[in-house]
Amino acid sequence: SIHQRAYARRFLESVIKLRILNPPKDDLLTAIDEAIAKIEEESIIVIASKVVSIWQGKCVPLSDYPNKDELIQKEADMYLPREFAPRGWVMHTIKDGLFVPTAGIDLSNANGFYILWPKNPIQAAKKIRDHIKKKFSLKKVGLLIVDSHSVPLHRGTIGITLGFEGFNPVRDYRGSRDLFGRKFVVEMANIADELASAALLTMGEGKEQTPVAIISDIPGIEFVDKYVKPKDPDLTFKVDINDDLYSPFIKSAPWKKGKKNHS
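This structure is a prediction, so every number in the text was calculated from the model and none was measured.

### Points about the sheet that holds strand 13 (residues 256-257)
Across the sheet, which stays open at both edges, the four strands sit in the order 6-5-4-13 with antiparallel pairing between neighbours. Every interior strand has two partners, whereas the edge strands, strand 6 (98-101) and strand 13, have only one. Where strand 4 (residues 78-79) and strand 13 come together, two bridges link them in antiparallel fashion. The residue bridging Met-78 from the neighbouring strand is Lys-257, located in strand 13.

This is how it looks when you write it as structure tokens:
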């Protein structure tokens, strides 16, 4: 429809090109200020985790770890040796409560460094959001720190949330009814990862140099000044491994304990 095409064009126009941020450390907040002239109320800012890591200085020279697997073991909470992955492509890991290959360590667009996942991405999201709120005089704005992630039995990557602030990342349908009157019992929508995937579709995975996207006009987003972890464990964004739907598969693997470094 005309409305859908107009919305798609607007979304594409919201992808922001920043100057190149250089490892091992660079100023993300200044780069954002230089690239963005205006942000509307009730927008969600999506930022690639890689530029957040560079901002934090979470970069390690390749020469420090000739064997990448040693760094993966150091960064992971738990890991599986390469022989457990087809063709030894990756080391499967669990890091910060997420099942992810290679503890999130990336070599692309890294200029001779390993780029690690951001330190405390929830706190990083809050700090960046606070800066944006003040800079653009906003009251309702959300912030997402995202990375790409593979899905079992599907080829390619989609977006996944590492940190968020300023909105409720989960939409709860429990207790409401469907089109035919059936009451929803367990249904919830993962708003944060859905937005992460939509944004990464236009931000790209190569040399686009567009690590920021601004999403506006999103229906049904509950903006909050500060996200507070729900007391109800069934409403938290992250799920304990023992309660996860895929727990039988994850827990059956012969995990080894990593040497996660919080420096």
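### Observations concerning the pairing of strand 6
Residues Leu-98 and Val-100 line the buried face of strand 6, whereas the alternating positions Phe-99 and Pro-101 sit on a face that is not buried. By the bridge criterion, four bridges tie strand 5 (residues 92-95) to strand 6 in an arrangement that is antiparallel. When the bridges of strand 6 are listed, His-92 appears paired with Pro-101. Taking the residues that link successive antiparallel strands as the turn, the strand 5-strand 6 hairpin has two residues, and the phi of Asp-96 there is positive, at about 50 degrees.

### What about the pattern of salt bridges?
Using the criterion set out here, one finds 11 salt bridges in the structure. Two residues, Glu-75 and Lys-95, come together in a salt bridge whose shortest N-O distance is 3.3 Å. Taken together, the residues span a long stretch of sequence, with Glu-75 in helix 4 (residues 68-75) and Lys-95 in strand 5 at a distance of 20 residues. The exposure classification of Glu-75 matches that of Lys-95, with both residues buried. The shortest N-O distance in the salt bridge between Lys-126 and Asp-130 comes to 2.8 Å. One end of the pair, Lys-126, and the other, Asp-130, are both in helix 5 (residues 121-136), four residues apart, so they sit about a helical turn from each other. Its relative accessible area of 26% is what places Lys-126 among the partly exposed residues.

### Some points on helix 3 (residues 49-56)
Residues that lie three or four places apart on an α-helix share one face, since the helix turns once every 3.6 residues. In terms of burial, helix 3 is a largely internal element, seven of the eight residues being buried. Along helix 3, the positions that sit buried rather than exposed are Ser-49, Lys-50, Val-51, Val-52, Ser-53, Ile-54 and Trp-55. Of the residues flanking the end of helix 3, it is Gly-57, one or two places downstream, whose phi is positive at about 75 degrees.

### Regarding a nonpolar patch on the surface
Together, Leu-245, Tyr-246 and Phe-249 make up a nonpolar patch on the protein surface, roughly 410 Å² of accessible area in all. Take Leu-245: it is sitting in the loop between strand 12 (212-215) and helix 7 (247-251). We classify Leu-245 as exposed; its relative accessible area is 68%.

### Looking at the nonpolar core
In terms of nonpolar packing, the biggest core is built from 35 residues, with Leu-28, Ile-45, Ile-47 and Ile-128 touching the most fellow members. In terms of residue count, helix 5 provides more of this core than any other element does, five residues in total. Aside from chain neighbours lying at most four places away, what touches Ile-47 is Leu-28, Ile-32, Val-52, Ile-128, Leu-143, Leu-144, Ile-145, Val-146, Met-203, Pro-211 and Val-212. Judged by nonpolar contacts, the second largest core, of 24 residues, contains Ala-48, Val-170, Ala-192 and Leu-195.

### Overview of unusual backbone geometry
Residue Pro-24 follows Pro-23 across a cis peptide bond; omega there is 10 degrees. On the secondary structure map, Pro-24 appears in the loop between strand 1 (15-16) and helix 2 (28-35).

The rules behind each value
- Residues numbered from 1 in each chain as written.
- Predicted model: local features only at pLDDT ≥ 70, side-chain atom pairs only at ≥ 80, totals over all residues.
- Heavy atoms only, no water.
- Pairing = 2+ DSSP bridges.
- Helix = DSSP H or I, 4+ residues; strand = E, 2+ residues; numbered from the N terminus.
- Buried < 20%, exposed > 50% of the residue type's maximum accessible area, 1.4 Å probe, protein only.
- Salt bridge = Lys/Arg side-chain N within 4 Å of Asp/Glu carboxyl O.
- Patch = residues over 30% accessible without salt bridge, like charges linked within 9 Å, V, L, I, M, F, W, Y side chains within 5 Å.
- Areas by Shrake-Rupley, 256 points an atom, 1.4 Å probe, with all protein chains shown as cover.
- Core = buried A, V, L, I, M, F, W, Y, C linked by side-chain atoms within 4.5 Å.
- Contact = heavy atoms within 4.5 Å.

From the geometry alone we can't say anything about function, so treat these as descriptive.
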